[in-house]
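Structural characterization, general
So you can see what is in the structure, the chains are spelled out below.
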Amino acid sequence: MSLKNSINTDQLPSHIAIIMDGNGRWAKEKGQDRLFGHFHGVESVRDIVEGAAELGIKYLTLYAFSTENWDRPAYEVAGLMELLADTIRKEVPTLNKNNIRLRMIGDLEMLPLTAREGLKEALNDTAGNTGLNLVMALSYSSRWELTNAVKQIAAAIKKGQLQPADITQEVLQEHLTTNGIPDPELMIRTSGEHRISNFLLYQLAYAELYFTDVRWPDFRKENLYEAIVDFQNRERRFGKTSEQIQQTTTTNH
């Protein structure tokens, strides 16, 4: 029996973020090139996007490429960029068929021109969709994002558009690349690493973290269901006590 049947559809996380880790190691274990792992990782992306959309998840953010990844071997970066541009272009009809809207966060100016143009086209082509928001974190790093937000706020103060006393959490959030996207409630990282790796540091403040040893190319819907069931069995207190949470739940019912 699928774990899908154990999921309470009334308590789904509205936003799931995933660090897709282990493509290179998966390939190495099979005696293959790292790009072979990235290529097979695309199958997992398709399966997980489909699984999230079927469940009715509103936002799915995938950490596809960090700013630190630019330091990887040139052939791997070039191959990844080619794979990325090619995959996104091919997937647009499927995204539209499933009412999925594509969004991007990250320093996209660093991407090669062909990849940027392909992404822009895909963003425009899916902009009218109202189902799952698929957020791709490309050339993204949280420290870059926060530094960028501070620069923008400082520039607004310099122009007299903002006073230092006016800076609130909401103002900061408006200058993040995730502006308009709710914070993730569940963050999944594959391949056995127990780190956040410069991913959505501000936004993950109250997310439940789920780590699995499964390499990304082997991660499928059933693994996603397992993470969601685990999430639903946790008590989310947001700084309050268990008693306060139970009291609020009783009052709301």
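You'll find the structure just up there.
Described below are features of the structure shown in this document. (Residues numbered from 1 in each chain as written. Predicted model: local features only at pLDDT ≥ 70, side-chain atom pairs only at ≥ 80, totals over all residues. Heavy atoms only, no water.)

In terms of regular secondary structure, the protein chain is built from eight helices and six strands. Reading the protein chain from its N end, one meets helices and strands in the order β-α-α-β-α-β-α-β-α-α-β-β-α-α. Relative to a compact globule of 253 residues, whose C-alpha radius of gyration would be 18 Å, the protein chain shows 19 Å and is just as compact. Its C-alpha atoms give the protein chain principal-axis dimensions of about 60 × 55 × 35 Å. Here the contacts in the protein chain between residues at least 6 apart in sequence split such that 77% fall between residues at least 24 apart. Approximately 13,500 Å² of the protein chain is accessible, and the part contributed by carbon and sulfur atoms is 49%. Across the protein chain, the 28 positively charged side chains and the 34 negatively charged ones have centroids separated by 2 Å. (Helix = DSSP H or I, 4+ residues; strand = E, 2+ residues; numbered from the N terminus. Rg over C-alpha atoms; globule rule 2.2 N^0.38 Å. Contact = heavy atoms within 4.5 Å. Areas by Shrake-Rupley, 256 points an atom, 1.4 Å probe, with all protein chains shown as cover. Lys, Arg positive; Asp, Glu negative; His and termini not counted. Charge placed at Lys NZ, Arg CZ, Asp CG, Glu CD.)

The next point concerns unusual backbone geometry. Here Asn99, not a glycine, exhibits a phi torsion of approximately 60°, which is positive. Inspection of the secondary structure puts Asn99 in the loop between α3 (74-97) and β3 (101-105). What makes Asn99 partly exposed here is its relative accessible area of 30%. A positive phi angle is found at Ser191, which is not glycine, with a value near 75°. Here Ser191 shows up in the loop between β5 (186-189) and β6 (208-211). (Buried < 20%, exposed > 50% of the residue type's maximum accessible area, 1.4 Å probe, protein only.)

If you trace the backbone, Asn129 turns up in the loop between α4 (113-126) and β4 (133-140). Using a relative accessible area of 16% as the deciding quantity, one classes Asn129 as buried. In this structure the side chain of Asn129 is engaged in a polar contact, spanning 2.9 Å, whose partner is the side chain of Asn96. A polar atom in the side chain of Asn129 sits 2.8 Å from the backbone oxygen of Ile100. Once residues lying within four places of it in the same chain are set aside, the contact partners of Asn129 are Leu95, Asn96, Asn99, Ile100 and Arg101. (Polar contact = N/O pair within 3.5 Å; in protein donor to acceptor, adjacent residues only side chain to side chain.)

Here α3 is 24 residues long and its end C-alpha atoms lie 35 Å apart, about the 34 Å a rise of 1.5 Å per residue gives. Of all the bends in α3, the largest measures some 40° and sits at Glu91, one to four residues before the proline Pro93. Note on α3: the residue one or two positions beyond its end, Asn99, has a positive phi of about 60°. (Expected span 1.5 Å × (residues − 1). Bend = angle between axes of the 7 residues up to and from the residue.)

Right, let's get into the environment of Glu82. Of note, Glu82 is situated in helix α3. According to the relative accessible area criterion, Glu82 is exposed, its value standing at 61%. Measuring from C-alpha to C-alpha, the distance between Glu82 and Thr114 comes to 8.7 Å, with 32 residues separating the pair along the chain.

So, on to the pairing of β6. Side chains of β6 alternate between two faces, with Glu208 and Tyr210 buried and Leu209 and Phe211 left unburied. Where β5 lies against β6, four bridges are found, and the strand directions are parallel. Residue Ile188 lies in a different strand from β6, and its bridge partner there is Tyr210. (Pairing = 2+ DSSP bridges.)

With parallel pairing, the six strands of this open sheet are ordered in space as β3-β4-β2-β1-β5-β6. The strands lining the two open edges of the sheet, one partner per strand, are β3 and β6. Strand-to-strand twist in this sheet, taken as the mean axis angle between neighbours without regard to direction, amounts to 20°. As defined by bridge partners, β3 adjoins β4 across five bridges and the pair is classed as parallel. Bridging from a neighbouring strand, Leu102 pairs with Leu134 of β4. The strands touched by α4 within the sheet are β3 and β4, with β3 carrying the most contacts at an inclination of about 135°. (Axes fitted to C-alpha atoms, helices over the stretch in contact; angles between N-to-C directions.)

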